[in-house]
Amino acid sequence: MNEINLIDPEDLKHSLQKDELIKRLKKLCDDLKDVPQHLDYSDLVFPIAVHLATPFFLKHVNKDVKLLVACALSDILRIVAPQLPFKDEATLRSMFQFFIKQLKGLEDISHPSSKRYFYLLENLSIVRTFNVMVELPNSNALVCKLFTVCFDAICEKHTSKVRSNMLDMLFPLLKEYDEIPSDILDAIYLWILEPNKSKSPAAYQLAGDILKKSACIIEPYVMQLFNDLLLMGKEVSSKVAPNVYDLLYEIHRVAPTTLLFVLPQLEINLKSSNEKERNSTVSSLGKMFSDEGSQLHSENSNLWHCFLGRFFDAQLSVRLQCVKFLTNFVLYHFDDLGEDLVPVIQKSALDPEESVRRAVCMSIAEIAKFGTFRDVKPSLLEILKERLRDKKWSVRKEAATTLAALFKKFNSDEMAPQSFKESISWISSTLLHIYYYNNVDDRFLIEILLWTTIIPVSNTLKERMETLMKIYCNVDERASRVIQEIFKMQAHTRLHLKGLLNCVKSKTKDDVSQKIGHHLTSLARHCMDPIRNKDAIRRFYFYLDEDDELQADLVKILSDDISVKEATELATSLHSKLASSKSLHGSIDVVKLIIDRITPLLFDHDSIHYLMTIISNFIQCDTCEVLAGSPDISYSDMSSCLKDTSGGFARGLELLKVISAYFPHTFLQENVISCACELLHQNQSTLPILKILAALEINERLCPTLQSTCEDLVFSTSDPSVAKYAVKCIHRLGNDLSPIVNGCMNVFKTPSSQQTHGALAALTQVAFYCPDEYSTTLKTLVTKYVVKELLMSSTFKGNPCASDWCSKEELSSNIRLRIRGMKLITMWLLGMKDGKAKIASSTLRLLHTIVMNKGDLMEENVLNKAEMAHLRLAAGKNFISLCKELCYYSILEFHHFQTMAELILDPCIEVRRGFCIKLNKELTSLRLPLEFLSIFCLIGMEKNSSLFTAHREMLLRNIVIRRDLLKQSQMSSSEKLAAVMPDYVVPYCVHLLANRIESLTNEHELFSIKKCLSILLEAILHEDGSNFSFLRSTFQAIKTTEDNQAPQDKNRNEILYAVCDIAISVLITKNIGVVSNDFPVKPRLPLKHFKQKEVITPNHKIYAPTIVLDSSVEIEENTSKLNNKRSAKMSKSKENLLTLSVNSTVENSPAIKVQTNLSGFAKHSEKPRKRPSNSSLSPNRKTPRVSFLGTDSSKENSPNEDLSLVIGKYDYEGPPPPDVEINNSQSSATNTSLSVGSPAKTITKPKSILKTTMVKSKYKQVHVKPKQATSKRLAKAALRHSQEIALKSTKKIRQKSTSKSPFKNEVSGKSPLRKSGSSKSPSRKDVNIKLDSKNEGTSKSPSVKEVNNKPASRKSFTLKSPSRKEISAKSSSKTEVKQKVSSRKEVSTKSPSIKEIKSQINSKIFSKKNSKSSKISISKTFRLSCLLVLIKSKPFPSSFHVSTSSIVL
């Protein structure tokens, strides 16, 4: 052992100065460093240790002194270990407390003495000095403090050696315990939980290392802790008890082996009835299963499948908690767990809760954001695609945003292979399809995604144009139309905002007030909520009127020369400026939307030029190369997109055409027009570029060579379309067309020239633009060449063709020239706009003759069917084009119109389709008179189902367009209304249909007309029936006129009236709403078709055959056997007889009488309807009525005759009939009636054998379900009794003026239909029943005797038939009863029997029931009954009366 010289303890006196003391302590520390560990040095160092352990040094004020003392003591303990220089407990406790305090110095790594602190830590960890502290009594607090100080002191700047020394110092302490106190474990647990975990990651790592290293030691303690907290539910005094689930997860991360026996028991917690417990367990286990590298799913498969079951938990919060982990599952475990995860994700995406479905979409968004293309599985994309059709907008928005972000990221990702990019190419089309949804929010969402994600505005010009080209070439036709619609919306918004700015700048605000309202309405119409946002836009207008700076900024944005970059920056500044404005509070969102729409985010002059350069490069190069001057752009991917479309670059040219239509100002630049002229020399792009240039406002300054280029194209091309648009371009330039005319006329000198078609197309445009300037030349061309040599040529023989149709390319040259010739004449007339010209009427006759002769004008039978079909179609189209001008429509004869209308029923389906497309195009643009809309009524005779559906949609679309226009424009002029309102097409349709038939004996044609009228009225009639009276009045007014085509032809007029009868019968069956007579306009009849009679008299005669009017006849013919069986069955049952008779025909009939209003079955009014006065009518005109059953239709009914029906009894299996209410508010029994539409209160059936049960259905309606009668004898007795009551005198009832119902219980005053104790009656339509008070042929007045009824029970009630004794008691004597019975029999022989009435009505009701469905609604039954009244009676009911003075002719 080497001799060591250490300082004497006496030299470390308390009286030394601080500096001297520090100096000597440093020398002591340096000397002790070199002393090795050996017990022989104990006598040397013990005195020093005892001296340094005094309170003077341990509690010294100077930090350096204390640090040096701590280092010296640690060295001494190292040297003499395992002995201790101190024997008393107090000194040891003080020394350990001193060491713990000095270890806090490790926090400041920049302190000058940091190395000594590290030296102190190293000595204490090597020797494991603190192990002695465990033996001290009550040492738990010191140990906890040591752990806390170490966790507080360590930081990320410390080296790994510091953490290692701390671990070596702290871990042995746990091993020294026989039973580790919970306080010490809590001190460790707290540093792996929040907030300490985030606050000090280094401490979290140190605590984890301690737990991991001591896993075997702490395993029983961990198990006990979680068993007490999770399974047993005990209250444990632990600081980590509130965060037990977080602790479970953290321990699993650092020391998973300690939870081997804890995790399997968590299945109980997953299935707990406590929602909070399940939620916390799912949160903890979800982290464990989803962590990267976790194998818990394979180690504990039962727990994994139990966890998957929580995705379908009953509580929303638990399901949401599960969905949060889908991102990590897919990113880290999809290869292992894909089979389990995909079904779970798919079902979660269909969760009934909106928030869960949205959370699934958000999880997939995170996968796309943080993952690679390998993580984007096809099944996930399908889920997003499916959620695009979710019923909730928030889910659709999340799915669309996720797909757009995914498309943006991977479409430009160089690492993604081309195969993956092709697999996601459908995203752009699918997203754009959302624009077709009815929700306006979806449309705005797609607009925002288009500019921010799909084609980001932040990209450079070249990137934007390249992306736009790729997308437009990849999307399908429907998606491309969405892009066009978005461009159109932007153009319209720019147009209306420009108009609004002009109105703001106008000095005469009063003159532009109407324009301001129009612009505000148009801007609001395209916002999310037009009604609410109109006020917001109005506030913006007032704000704009006061802010001149804002006006200047908007004018700059709307200017044609602004670039995309400048416009974007200006729009951003406007957003921030308007957001701070208090005047626009509540309107800022709408204003921002409008500003975004008017900002040119894609196109300016440079963008269009670059786009044309791309297309030009693809046309010139067969292979994909890099453009000269653009080495940074590669076109390989874009080229593949272009080649996938038909015509290669055709979609690119189509895109240019769309842009030119909505943003024409972007093309009006010299470099753009020059590039377009270069494309004219390429055969593939000549026609598309010509179409673009022909629509632009160009001049020679932009392109001086355009004139010569177009002239060369006219004379060199054989394509008529190229010649047509070349002439349009020359006309746009404003140059003389004489060279074109002279050159084309020279072409006709050689008829076999190939340029004939092009020359004829060019002259067609010349005839339209300059009809008067070249009138002589054009007249010569038309008369000598077009008419004589082309149309009336007899030397031509058609090509053989077996089919009815062929393409235009398959037509012979002569036929195509004929079609061009007809077009030339039409365009010439449209250019002249002179209806007095002789050629106008000649042309109309020519077109009419072509159609009449089925396309063969000369009737030489040399043309094949396909050629004749093309000629017919061309004639029809030219006819429609001519009629766009009022001057030609005014000279149109009806037989010409009727012939052309027959093209909609042409034998060739292509002719029908082409004619309707042309007709619909002109009608939707409101360029044709309203009469042409009547042609669509003939589609009822269309046999092709697909064509019928398409044409019916055209009819509905035209009606909707015209009604929308009326709402927007608020027309007040009657002439304008008559030209636009679709309701006024009805007279034209009636006249057109009436002139198609020659006789009323042809039932097949009449049924066809009925079908046509049914389709028309179904489209015209409002849903609420508000125009029912208008249409009915129109038909009645037509019956008071004559056919202007043949006013003296009685047969023709009767056919016209018969069509009106059919229309009225169809109208009644179509109407299901409440009839209103307050229609805003009056009926108008065109004098062109209808001639007013000299004396206007009402025409009540029914001209149409009954078989056509009866809507059930067709069904009866097909289901006669079923009807016979049904009638036989109905004749056997004698209960629930509802007899509704006609008092004028069934004399002395005791049946109950129902008064029904045919005009929509409205509620019967007690007051008589006021009829409009008409001076032209006879003052003694009788009120029209309708008779039914037993009435001779040829006889006139009396003025006071009421409309009534007789309905026999029947078994009813469908919905219940309406309840019945007797209205006895009038004083006389003759006025007792039964109405439809009000709640039922009393029953009005006779007191016969009638037993019904009240049954509640699932729709909370009360059904009256009749039961079968017990015997025929009782049924006959009930009938006899009901008839006898009807024969009684009504004196008592006439004397009583009370409004109380005679069928109410005299004791309780309640209706038998009501449940006992209930104040509400069944919700039913009530029917006005009137007891017939007239009994012709009898001396006594009939009366109704009140019968007391018992209150109805809760479930059923019974109306008992009076016994024989009761009947006898009411009569004065048996002889009197016999006389009354005999008189009753005599009356019954005169009137139709009950059995006959029932069989007739039942056959009508059940024929329809058996043919279509097993049930028939009661509303249909009453409509059918009313229809039967109409067809069986001669005059119209009073409700059909219309004042002919209100008809405008």
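Residues numbered from 1 in each chain as written. Predicted model: local features only at pLDDT ≥ 70, side-chain atom pairs only at ≥ 80, totals over all residues. Heavy atoms only, no water.

## Details of the overall build of the protein
Helix and strand counts for the protein stand at 64 helices and 7 strands. Burial analysis of the protein (1449 residues in total) assigns 54% to the buried set. For the protein, the accessible area works out to roughly 67600 Å², and carbon and sulfur atoms hold 50% of it. (Helix = DSSP H or I, 4+ residues; strand = E, 2+ residues; numbered from the N terminus. Buried < 20%, exposed > 50% of the residue type's maximum accessible area, 1.4 Å probe, protein only. Areas by Shrake-Rupley, 256 points an atom, 1.4 Å probe, with all protein chains shown as cover.)

## Here we look at the pattern of salt bridges
Throughout the structure, instances matching the rule amount to 37 salt bridges. The closest approach of N and O atoms between Glu89 and Arg93, which form a salt bridge, is 3.3 Å. Separated by 4 residues within a single helix, Glu89 and Arg93 lie in helix H5 (residues 89–103), roughly one turn from each other. Members of the salt-bridge network, linked through shared partners, are Lys884, Lys918, Glu922 and Arg927. (Salt bridge = Lys/Arg side-chain N within 4 Å of Asp/Glu carboxyl O.)

## Some details on the packing of helix H30 (residues 530–546) against helix H31 (residues 548–557)
The interhelical angle for the contact between H30 and H31, taken along N-to-C directions, is 105°, at an axis separation of 5 Å. Between H30 and H31, the angle is such that the two are roughly perpendicular. On H31, the residues touching Phe540, Tyr543, Leu544, Asp545 and Glu546 of H30 are Asp548, Leu550, Gln551 and Leu554. (Axes fitted to C-alpha atoms, helices over the stretch in contact; angles between N-to-C directions. Parallel < 35°, antiparallel > 145°, perpendicular 65-115°, else oblique. Contact = heavy atoms within 4.5 Å.)

## Things to note about a positive patch on the surface
A cluster of basic side chains, namely Lys59, Lys101, Lys104 and Lys145, defines a positive patch on the protein surface. With respect to the element layout, Lys59 can be found in the loop between helix H3 (55–58) and helix H4 (63–80). (Patch = residues over 30% accessible without salt bridge, like charges linked within 9 Å, V, L, I, M, F, W, Y side chains within 5 Å. Lys, Arg positive; Asp, Glu negative; His and termini not counted. Charge placed at Lys NZ, Arg CZ, Asp CG, Glu CD.)

## Overview of the nonpolar core
If you look at the biggest cluster of nonpolar residues, it comprises 360 residues, and the most contacted ones within it are Phe99, Phe130, Phe147 and Phe932. In this structure, Phe932 is in contact with Phe879, Cys883, Tyr889, Leu892, Phe897, Leu919 and Leu923, ignoring residues within four places of it in sequence. In terms of nonpolar packing, the next biggest core, distinct from the first, is built from 32 residues, Leu500, Val512, Ile557 and Leu578 among them. (Core = buried A, V, L, I, M, F, W, Y, C linked by side-chain atoms within 4.5 Å.)

## Looking at the environment of Leu993
For Leu993, the position within the fold is in helix H52 (residues 986–994). Note on Leu993: relative accessible area 0%, which makes it buried. It is 9.5 Å that separates the C-alpha atoms of Leu993 and Gln898, two residues lying 95 residues apart in sequence.

## Some thoughts on the packing of aromatic side chains
Counting across every chain of the model gives 28 aromatic pairs. Look at Phe307 and Phe329: their rings are 6.1 Å apart centre to centre, the planes differ by 65°, and that puts the pair in the edge-to-face class. Within this pair, whereas Phe307 is found in helix H18 (residues 301–309), its partner Phe329 is found in helix H20 (residues 326–348), the two being separated by 22 residues in sequence. Look at Phe307 and you get buried, because its relative accessible area is 0%. According to the relative accessible area criterion, Phe329 is buried, its value standing at 0%. Grouping aromatic residues by their ring pairs yields a cluster made of Phe289, Trp304, Phe307, Phe311 and Phe329. Over the ring of Trp426 we find Lys385; its NZ or CZ atom is 5.1 Å from the centre of that ring. Positioned above the aromatic ring of Tyr436 is the side chain of Arg478, whose terminal nitrogen or guanidinium carbon lies 4.5 Å from the ring centre. (Phe/Tyr/Trp six-rings, centres within 6.5 Å; stacked < 30°, edge-to-face > 60°. Lys NZ or Arg CZ within 6 Å of the ring centre and 35° of its normal.)

## Things to note about the packing of helix H16 (residues 275–290) against H18
Between two packed helices, the angle of one axis relative to the other and the distance separating the axes together describe the packing. It is the contact of H16 with H18, at a shortest axis distance of 11 Å, that shows an interaxial angle of 125°. Between H16 and H18, the crossing angle belongs to the class labelled oblique. Crossing geometry of H16 relative to H18 is assigned as left-handed. Taken together, the residues of H18 that come into contact with H16 (itself represented by Val282, Leu285, Gly286 and Phe289) are Leu303, Trp304 and Phe307. Each residue belonging to the contact of H16 with H18 can be placed in one class, and the counts come to 6 nonpolar, 1 polar and no charged. (Left-handed = near helix turned anticlockwise from the far one by under 90°. Nonpolar A, V, L, I, M, F, W, Y, C, P; charged D, E, K, R; others polar.)

## Overview of the confidence of the model for the protein
Confidence in the prediction of the protein, expressed as mean pLDDT, is 76, and 72% of residues score 70 or more. Below pLDDT 50 for its whole length, residues 1112–1123 participates in 20 contacts with residues either more than four positions away or in separate chains. (pLDDT = per-residue confidence, 0-100.)

## Re the environment of His731
Mapping His731 onto the fold places it in helix H40 (residues 720–733). Taking the relative accessible area as the measure of exposure, His731 reaches 32% and is therefore partly exposed. For the pair His731 and Tyr769, spaced 38 residues apart in sequence, the C-alpha to C-alpha distance is 7.9 Å. Look past the residues within four positions of His731 in its chain and what remains in contact with it is Leu737 and Tyr769.

## Topic: a negative patch on the surface
The grouping of Glu135, Glu176, Asp178 and Glu179 at the surface amounts to a negative patch. Along the polypeptide, Glu135 turns up in helix H7 (residues 131–135).

## Considerations on the side chain of His496
Within the secondary structure, His496 sits in helix H28 (residues 477–505). On the basis of relative accessibility, which here comes to 13%, the residue His496 falls in the buried class. Sequence-distant contacts of His496, defined by excluding residues within four places in its chain, comprise His518, His519, Ser522 and Leu523.

## Some thoughts on unusual backbone geometry
The amide bond that connects Ala81 to the next residue, Pro82, takes the cis arrangement and shows omega of 10°. Residue position: Pro82 is located in the loop between H4 and H5. Of note, the bond from Glu194 into Pro195 is cis; its omega dihedral lies within 30 degrees of zero at 5°. When you line up the elements, Pro195 lands in the loop between helix H10 (182–189) and helix H11 (196–199).

## Some thoughts on helix H14 (residues 244–254)
Taken across its 11 residues, H14 has 9 buried, putting it largely inside the fold. Listing the buried residues of H14 in full gives Val244, Tyr245, Leu247, Leu248, Tyr249, Glu250, Ile251, His252 and Val254.

## A look at the environment of His991
Relative to the helices and strands, His991 resides in helix H52. Among the residues examined, His991 registers a relative accessible area of 0% and is labelled buried. Spatially, the C-alpha atoms of His991 and Phe1090 are 8.4 Å apart, while their sequence positions differ by 99 residues.

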